[in-house]
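Read off the chains here:
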Amino acid sequence: MELSTVRVEIPEGCNVILGQTHFIKTAEDLYEIIATTVPQAKFGVAFTEASGPCLIRTEGNDDGLIAACVKTLTDIGAGHVFCIYLRNAFPVNVLTPIKNCPEVCRIFCATANPLEVVVASTKQGRGIMGVVDGEPPKGVETPKDKAERKAFLRKIGYKL
């Protein structure tokens, strides 16, 4: 087995959700979840089959984000993986319904941070072992940092 990393290029102004799933209808189900949960969102969805024709299945309402999903999944090269690029919405808006989707097995990450995917390669193929999301901690928040965090959450409407 060989381990390698794949750098994910997140389109400007987007978040990525990367996960594992297991069924051909995933792309359509994820489309319906996002479109009905956050109607103003622009997004692309792609899913890699792991048997049969082993195609990358796509859905979405933004051709550029769909293409970015295809590139990301092509670079990763693993089966039964989905990628969502999301604009005009945050992952927190759609994560619970995505986790509740019957064919979704796990979420590896939901982020806008710099992202690397740790991939294992074997004789059979490739699989995601985990992700490196963002940068390491630089310290512990101070009372000033805590006040800024709380003010920011209220500014963007996530807290009263």
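Whatever comes next refers back to the structure up there.
Not measured: the values here are computed from a predicted model.

## Topic: the pairing of strand β7 (residues 115–121)
- In this sheet, β7 lies alongside strand β1 (residues 2–8) in antiparallel orientation, the contact comprising seven bridges. Within β7, the residue paired with Arg7 across the bridge is Glu116.
- Bridge count for β7 against strand β8 (residues 126–133) is seven bridges, and the pairing is antiparallel. Among the inter-strand pairings, Ala120 is bridged to a residue of β8, identified as Gly127.
- Taking the residues that link successive antiparallel strands as the turn, the β7-β8 hairpin has four residues.

## Section: the environment of Ile107
- Take Ile107: it is sitting in strand β6 (residues 104–111).
- By relative accessible area, which is 26% here, Ile107 ends up partly exposed.
- C-alpha separation for the pair Ile107 and Leu18, spaced 89 residues apart in sequence, amounts to 6.1 Å.
- Leaving out residues up to four positions away in the same chain, Ile107 has contacts with Ile17, Leu18, Gly19, Phe82, Leu95, Ile98 and Lys99.

## A short note on helix α4 (residues 143–155)
- An ideal rise of 1.5 Å per residue puts 18 Å on 13 residues; α4 measures up with 18 Å between its terminal C-alpha atoms.
- Directly after α4, the chain includes Gly157, whose backbone phi takes a positive value near 85°.

## Topic: the pattern of salt bridges
- Scanning the entire structure with this criterion turns up seven salt bridges.
- The partner of Lys25 in a salt bridge is Glu103, and the shortest N-O contact between them spans 3.6 Å. Pair noted here: Lys25 is in the loop between β2 (15–21) and α1 (26–37) and Glu103 is in the loop between α3 (95–99) and β6, with a separation of 78 residues, a long-range link.
- In this structure Lys25 comes out as partly exposed when scored by relative accessible area, which is 35%.
- Across the pair Arg57 and Glu49 runs a salt bridge, and its minimum N-O distance is 3.0 Å.
- Judged by its relative accessible area of 27%, Arg57 falls in the partly exposed class.
- In the salt-bridge network here, residues are joined through shared partners; they are Lys25, Asp29 and Glu103.

## Structural notes on the pairing of strand β3 (residues 42–48)
- Counting buried positions along β3 gives six out of seven residues, so the element sits mostly inside the fold.
- Two strands pair when backbone bridges link them, and β3 and strand β4 (residues 56–60) are joined in this way by five bridges, in the antiparallel orientation. Residue pairing across strands places Val45 opposite Glu59, the latter belonging to β4.

## Brief notes about a positive patch on the surface
- A cluster of basic side chains, namely Lys146, Lys150, Arg154 and Lys159, defines a positive patch on the protein surface.
- Counting through the fold element by element, Lys150 comes out in helix α4.

What counts as what
- Residues numbered from 1 in each chain as written.
- Predicted model: local features only at pLDDT ≥ 70, side-chain atom pairs only at ≥ 80, totals over all residues.
- Heavy atoms only, no water.
- Pairing = 2+ DSSP bridges.
- Helix = DSSP H or I, 4+ residues; strand = E, 2+ residues; numbered from the N terminus.
- Buried < 20%, exposed > 50% of the residue type's maximum accessible area, 1.4 Å probe, protein only.
- Contact = heavy atoms within 4.5 Å.
- Expected span 1.5 Å × (residues − 1).
- Salt bridge = Lys/Arg side-chain N within 4 Å of Asp/Glu carboxyl O.
- Patch = residues over 30% accessible without salt bridge, like charges linked within 9 Å, V, L, I, M, F, W, Y side chains within 5 Å.
- Areas by Shrake-Rupley, 256 points an atom, 1.4 Å probe, with all protein chains shown as cover.
- Lys, Arg positive; Asp, Glu negative; His and termini not counted.
- Charge placed at Lys NZ, Arg CZ, Asp CG, Glu CD.

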